[in-house]
Amino acid sequence: MTARILLVEDEPDVALMLRYNLEAEGFAVTCTESGDEALDLTRESAPDLIVLDWMLPGISGIEVCKRLRIRRETAAVPIIMLTARGQEEDRVRGLQTGADDYIVKPFSVQEFTARVRALLRRANPDLVSTALRAGDLELDRVSHRVRRAGRELQLGPTEYRLLEHLMGNPGRVYSREQLLDRVWGSDVYVDERTVDVHVGRLRKAINRGRQADPIRTVRGAGYAFDEQFSAK
Ligand code: CA
């Protein structure tokens, strides 16, 4: 079951970045930059979640939120408001208007996707898988535990996020730069070699003895979670 998300955001860079990351999580994303179009789009079929920017040209996010709440089809759809404003009164106003959550720009992609997942899970647990499994490797996104062949592994927070990201998108090759962006966050400055160091630690933590290595080094490109790993 693929969760469908409507993204209402007029800033192209932000829209692109959010769309990319939501799709990487396996969600189906529809984008619009206008509140009017968002209201039209939700008339025919309601999405599973709406990400709504507060400041939109034309009708504001707050107004869109109010109207969505009045309509029967969208009254219960989880809404996350995005805003550059951080004042407490705005926050209260956003939540009073019927938004379920509120996130202030700039925010980290990890925080954003974590909130999306949390809201979706609350609304319908079937929409969000809490565990990733491949072969004898299992990662639980709720408890943050990782097991291999039933044995619990001790991973540092960065190694955990690295594994979660790669495992959530098996077969997809990520450059070091992309991994820095997704796992460390774009506001952090670290050298690309840092990625190699943490991949090394991750491998050490998950592979014991002759166990197959699920992480693939792609020369000149980066790293991927081996999509053949389940079969090994
Ligand atoms: Ca905006």
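The model shown is predicted, which means the values in this text are computed figures rather than measured ones.

Trainee: So what's going on with helix α1 (residues 12-24)? Residues and values would help.
Mentor: Relative to the 18 Å expected for 13 residues at 1.5 Å per residue, α1 spans 18 Å between its end C-alpha atoms, a close match to the ideal helical length. Buried within α1 are the following residues: V14, A15, L18, N21, L22 and A24. At the C-terminal side of α1, G26 shows a positive phi close to 95 degrees.

Trainee: Explain the sheet that holds strand β3 (residues 49-53) residue by residue, including any values.
Mentor: Taken in spatial order, the five strands of this open sheet run β2-β1-β3-β4-β5, and their pairing is parallel. Looking along the sheet, the strands with just one partner apiece sit at the ends: β2 (28-32) and β5 (101-104). For this sheet, the mean inter-axis angle between neighbouring strands, taken without regard to orientation, is 20 degrees. The pairing of strand β1 (residues 4-8) with β3 spans four bridges and is classified as parallel. Pairing of L6 across the sheet is with I50, part of β3. Helix α3 (residues 61-70) rests against β3 and β4 (79-83) of the sheet, and its axis sits at about 170 degrees to β4.

Trainee: Give a detailed account of the domain arrangement of the protein chain, specifying residues and quantitative values.
Mentor: Note: interface size is frequently given as the accessible area lost on complex formation between the parts. Domains assigned within the protein chain are domain 1 (4-127) and domain 2 (131-231). Listed by partner, the interface residues are seven residues for domain 1 and twelve residues for domain 2. Both sides together, the interface formed by domain 1 and domain 2 hides about 720 Å², and carbon and sulfur atoms give 36% of it. Considering only the surface of domain 1 that becomes buried against domain 2, Y20, A24 and Q110 emerge as the three largest contributors, covering 63% of it. Viewed at the interface, domain 2 and domain 1 are joined by one salt bridge. R141 serves as the salt-bridge partner of E25, at 3.8 Å between the closest nitrogen and oxygen. Where domain 1 touches domain 2, the interface holds four residue pairs in polar contact (both at pLDDT 80 or more). Its residues assigned to classes, the side of domain 1 that touches domain 2 comprises two nonpolar, two polar and three charged.

Calculation criteria
- Along each chain, residues carry numbers from 1 onward, in the same order as the chain's sequence is written.
- For this predicted model, a pLDDT threshold of at least 70 governs which residues receive local features, and a threshold of 80 or more governs which side-chain atom pairs are given and counted, while totals over whole chains, interfaces and linings are taken from all residues.
- Where side-chain values are given, they derive from all heavy atoms of the structure, hydrogens and water being excluded.
- Working definition: helices are DSSP H or I runs of at least four residues, strands are E runs of at least two. Numbering for both runs from the N terminus.
- Helix span, expected: 1.5 Å multiplied by one less than the number of residues in the helix.
- Per-residue accessibility, obtained with a 1.4 Å probe over protein chains only, is compared with the maximum for each type, and a residue is labelled buried under 20%, exposed over 50%, and partly exposed between these values.
- Here, strands pair whenever DSSP counts at least two bridges between them.
- Axis lines are fitted to C-alpha atoms, over the contacting stretch for helices. Their N-to-C directions set the angle, which ranges from 0 to 180 degrees.
- In what follows, a contact means two residues having at least one pair of non-hydrogen atoms within 4.5 Å.
- Just so you know, the domain bounds were taken from an automatic or database domain assignment.
- Here the buried area means the combined drop in accessible surface, using a 1.4 Å probe, for two parts upon being joined, counting both sides.
- Between Lys or Arg on one side and Asp or Glu on the other, a salt bridge is scored when a side-chain nitrogen of the former is within 4 Å of a carboxyl oxygen of the latter.
- Counting of polar contacts relies on pairs of N or O atoms within 3.5 Å, with two restrictions inside protein: one atom must be capable of donating a hydrogen and the other of accepting it, and residues adjacent in sequence are counted only when both atoms are side-chain atoms.
- Ten residues, namely Ala, Val, Leu, Ile, Met, Phe, Trp, Tyr, Cys and Pro, are considered nonpolar, four, namely Asp, Glu, Lys and Arg, are considered charged, and the remaining ones, Gly among them, are considered polar.

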